[in-house]
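Structural overview
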Amino acid sequence: MADTMVEAPEIRLDAHSIEQIPEQDKDSTPWDQFWIWAGANIAPINWILGALGIVLGLGLVETILIIVIGNLVGCAIFAALTVMGHKTGVNQMVLSRSAFGRRGGYLSSWMQFLMTMGWIAVNTYFPVLLAVGILGHFGVHNTFWIKLWVVTGIMIVQVGIGVYGFYLIRTFEKYTVPVTLGIMALMSILAWTRHGVVNWHLKSGLTGAAHFSSITGLITAIGVGWGISWVTWASDYSRFVPKRYSSKQVFWYSYWGMFIPTVWLAILGASIASADKSLDPARLVTDVFGGFVAVLVMLMVLHGPIATNILNVYSSALAAVSAGIRASRIALGMVAGIVGFVLTLYFVGHANFASNFDNWMVGLILWMSPWAGVVLADFYLVRKQRVDVPELYADPQRSAYGDVNWIGIGAFLIGLVAGWLFEFGLVTPLQGYVSKHLLIGADLSWLVGLVVAGGVYIAGMRSRMAAPSPAESRMAGVAGGDA
């Protein structure tokens, strides 16, 4: 394990796009995966989503249990996809071609590209509001120009790092995450030791269907659903880890990199909210911490969007190239950054639209569960972890994976519809019939989408493999005639 701490010190421009990473270019380590995913998840949204359990009417202890148990499962689903990148040296959207076909994989690549640009804006806007809110308690007026300068500064940094590529991303996360973890530790000590900050005895007053609905809503928001929300990015970074490290190492370092900060921040948010049941993080910061510690928290808040969005900028560009767009990764990363910047500025003047847009984005994550079900079933159960990498890039008409694998596309769409039927969430048009009318608001979308899509795909592929190909049928006919 000591060898995993050795890392090439060079920070160079990442010239790679979606091609397979040659073994000689892989100088990353499993520890890098820990820092990358830890940085991406030290985000204010995890704090707010942890507090959501209290706002939904759950008790503090059960909220903590849901967060922990849910992430034990969700992070495992995510980490299983990081293994795919390590074994093949290929980014996640190109790997999906194994299940969906050479050009069939374009569908999820386009979805990833478009959605990630939206996340860049959302992940920038809300931390900016939090930072400006904290500054307001120090006499800094909340004006458009203050927000503009903060947004511009954050966007320049995160787009610059994301466009420069993997090597700068891993170094940024490695050296900034320990500092933010230190701030989190200080926040936790102050919050959990001060009298009156946490109501450890808070119980839920909910019963029956309402109680179950709140539990499943929290599981989807920050439990199992949180790990699933990262699956389409997973292999983009593990593809740089050389094969001298085991896939088991890649799995567990990625797993704990996501699990520790997500669960830690969510529990911190829930425990602080237990006293006054507030979702306003700016007020929580100033009321609980104040003074110099509030400044440190603000620095952590500003670090959050950068640490998350450098991955969004990088992966959005990879998704665009994987979708068949003929442009460089760097140019496409700049496009994603510009779109994100324009959207963020629009949010600054339209707060209600920003909140509604955020709710839509969370609801649209629904597609990732059936997508993960198909891709995991293909890699682990159908292909047995064996992928013919050159065929992923072959001419669509000649690729061994076919132009469009309609079994994969069909399984995904069936899983998507099935998941939607069991989705609740905050956007009325996205609330499915079963969840809304039969389960009284319970949200099982992540589970149903994952299982149904994976099951349909396995059944369909087994039928295809069991049936002889047209060439085999012709040969059988010739053999029969000769007999």
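Residues numbered from 1 in each chain as written. Predicted model: local features only at pLDDT ≥ 70, side-chain atom pairs only at ≥ 80, totals over all residues. Heavy atoms only, no water.

What follows concerns the overall build of the protein. On a plain count of helices and strands, the protein comes out with 22 helices and zero strands. In terms of C-alpha radius of gyration, the protein reaches 23 Å, essentially the compact-globule figure of 23 Å for 483 residues. Each of the three principal axes of the protein carries a C-alpha extent, and together these read 90 × 55 × 45 Å. Here the contacts in the protein between residues at least 6 apart in sequence split such that 85% fall between residues at least 24 apart. Accessible area for the protein stands at about 19,100 Å²; split by element, carbon and sulfur atoms hold 69% of it. Of note, the protein has its 27 positive side-chain charges centred 3 Å away from the centre of its 25 negative side-chain charges. (Helix = DSSP H or I, 4+ residues; strand = E, 2+ residues; numbered from the N terminus. Rg over C-alpha atoms; globule rule 2.2 N^0.38 Å. Contact = heavy atoms within 4.5 Å. Areas by Shrake-Rupley, 256 points an atom, 1.4 Å probe, with all protein chains shown as cover. Lys, Arg positive; Asp, Glu negative; His and termini not counted. Charge placed at Lys NZ, Arg CZ, Asp CG, Glu CD.)

This part takes up a nonpolar patch on the surface. Judged by side-chain polarity, Ile-11, Leu-13, Tyr-164, Ile-330, Met-334, Ile-338 and Val-342 come together as a nonpolar surface patch covering roughly 590 Å² of accessible area. Broken down by element, the nonpolar patch gets its largest block of residues, four residues, from helix H15 (residues 329–349). A relative accessible area of 39% places Ile-11 in the partly exposed class. (Patch = residues over 30% accessible without salt bridge, like charges linked within 9 Å, V, L, I, M, F, W, Y side chains within 5 Å. Salt bridge = Lys/Arg side-chain N within 4 Å of Asp/Glu carboxyl O. Buried < 20%, exposed > 50% of the residue type's maximum accessible area, 1.4 Å probe, protein only.)

Mapped onto the elements of the fold, Asp-395 is located in the loop between helix H18 (389–393) and helix H19 (406–421). Along the backbone, Asp-395 and Gly-269 are 126 residues apart, and their C-alpha atoms lie at a distance of 50 Å. Within the structure, Asp-395 has its side chain in polar contact with the backbone nitrogen of Gln-397 (distance 2.9 Å). (Polar contact = N/O pair within 3.5 Å; in protein donor to acceptor, adjacent residues only side chain to side chain.)

Here we take up unusual backbone geometry. One non-glycine residue with positive phi stands out, namely Gln-385, at about 65 degrees. With respect to the helices and strands, Gln-385 occurs in the loop between helix H17 (368–382) and H18. Of note, the phi angle at Ile-440 is positive, near 50 degrees, even though the residue is not glycine. By relative accessible area, which is 55% here, Ile-440 ends up exposed.

With the rule as written, the count across this model stands at seven salt bridges. Among the salt bridges present, the one from Arg-383 reaches Asp-378, with a minimum N-O distance of 2.9 Å. Here Arg-383 and Asp-378 have matching classes, each one buried. Bridged by salt links that share partners, the residues Arg-12, Asp-27, Asp-32 and Arg-170 form one connected network.

Our focus in this paragraph is H15. Between its terminal C-alpha atoms H15 stretches 31 Å, which fits the 30 Å expected from 21 residues at 1.5 Å a residue. Turning to H15, the residues buried within the fold contact helix H6 (106–136), helix H7 (144–164), helix H14 (291–322) and helix H16 (351–364). (Expected span 1.5 Å × (residues − 1).)

What follows is about the nonpolar core. By size, the foremost hydrophobic cluster in this structure holds 139 residues, and its most contacted members are Trp-37, Trp-230, Leu-311 and Trp-371. Element by element, the count of residues in this core is highest for H14, at 18 residues. Here Leu-311 is in contact with Ile-36, Trp-37, Ala-40, Ile-169, Glu-173, Trp-230, Trp-233 and Tyr-237, once residues within four sequence places are set aside. (Core = buried A, V, L, I, M, F, W, Y, C linked by side-chain atoms within 4.5 Å.)

This next bit is on the packing of helix H2 (residues 44–55) against helix H12 (residues 247–276). Across the interface, H2 lies against H12 with an axial gap of 7 Å and an inter-helix angle of 50 degrees. Relative to H12, H2 is oriented oblique. Regarding H2 and H12, the two cross each other, and that crossing is right-handed. Of H12, the residues touching H2 (which contributes Asn-46, Trp-47, Gly-50, Ala-51 and Ile-54) are Thr-262, Leu-265, Ala-266, Leu-268, Gly-269, Ala-270, Ile-272, Ala-273 and Ser-274. Of the residues belonging to the contact of H2 with H12, the class tally is nine nonpolar, five polar and no charged. (Axes fitted to C-alpha atoms, helices over the stretch in contact; angles between N-to-C directions. Parallel < 35°, antiparallel > 145°, perpendicular 65-115°, else oblique. Left-handed = near helix turned anticlockwise from the far one by under 90°. Nonpolar A, V, L, I, M, F, W, Y, C, P; charged D, E, K, R; others polar.)

The next subject is the environment of Gly-432. The topology assignment puts Gly-432 in the loop between H19 and helix H20 (433–438). A residue is classified by how much of its surface remains accessible, and Gly-432, at 0% relative accessible area, is buried. Along the chain, Gly-432 and Arg-102 lie 330 residues apart, while their C-alpha atoms are 32 Å from each other. Leave out the neighbours within four places in its chain, and Gly-432 touches Trp-420, Leu-421 and Glu-423.

A few words now on the confidence of the model for the protein. In this model, the protein carries an average pLDDT of 89, and 91% of its residues clear a pLDDT of 70 or more. Within the model, pLDDT remains below 50 along residues 1–7, and this stretch shows 18 contacts once partners closer than five positions in the same chain are excluded. Contacts for the low-pLDDT stretch residues 469–483, under 50 throughout, to residues beyond four places or in other chains number one contact. (pLDDT = per-residue confidence, 0-100.)

With respect to the secondary-structure elements, Ser-369 resides in helix H17. Note on Ser-369: relative accessible area 4%, which makes it buried. Aside from chain neighbours lying at most four places away, what touches Ser-369 is Ile-228, Ser-445, Trp-446, Gly-449 and Leu-450.

This part covers the environment of Leu-265. Within the fold, Leu-265 resides in helix H12. Each C-alpha atom, one on Leu-265 and one on Met-187, is 9.9 Å from the other, the two residues being 78 residues apart in sequence.

Moving on to the packing of aromatic side chains. For any pair of aromatic rings, the description consists of the separation of the ring centres together with the inter-plane angle of the planes. Counted by the stated rule, this structure contains 31 aromatic pairs. Ring plane angle 75 degrees and centroid distance 5.0 Å describe the contact between Tyr-125 and Phe-126, whose orientation is recorded as edge-to-face. A residue is classified by how much of its surface remains accessible, and Phe-126, at 27% relative accessible area, is partly exposed. A ring pair is formed by Tyr-255 and Phe-259, whose centres lie 5.9 Å apart and whose planes are at 10 degrees; its orientation type is stacked. Here Tyr-255 and its partner Phe-259 are both found in helix H12, four residues apart, which amounts to about one turn of the helix. As far as the burial class goes, Tyr-255 and Phe-259 line up, both buried. Aromatic ring contacts, followed pair by pair, group Trp-37, Phe-78, Phe-166, Tyr-167, Trp-230, Trp-233, Tyr-237, Phe-240 and Tyr-314 into a single cluster. Arg-12 extends its terminal NZ or CZ atom over the ring of Tyr-167, reaching a point 3.9 Å from the ring centre. (Phe/Tyr/Trp six-rings, centres within 6.5 Å; stacked < 30°, edge-to-face > 60°. Lys NZ or Arg CZ within 6 Å of the ring centre and 35° of its normal.)

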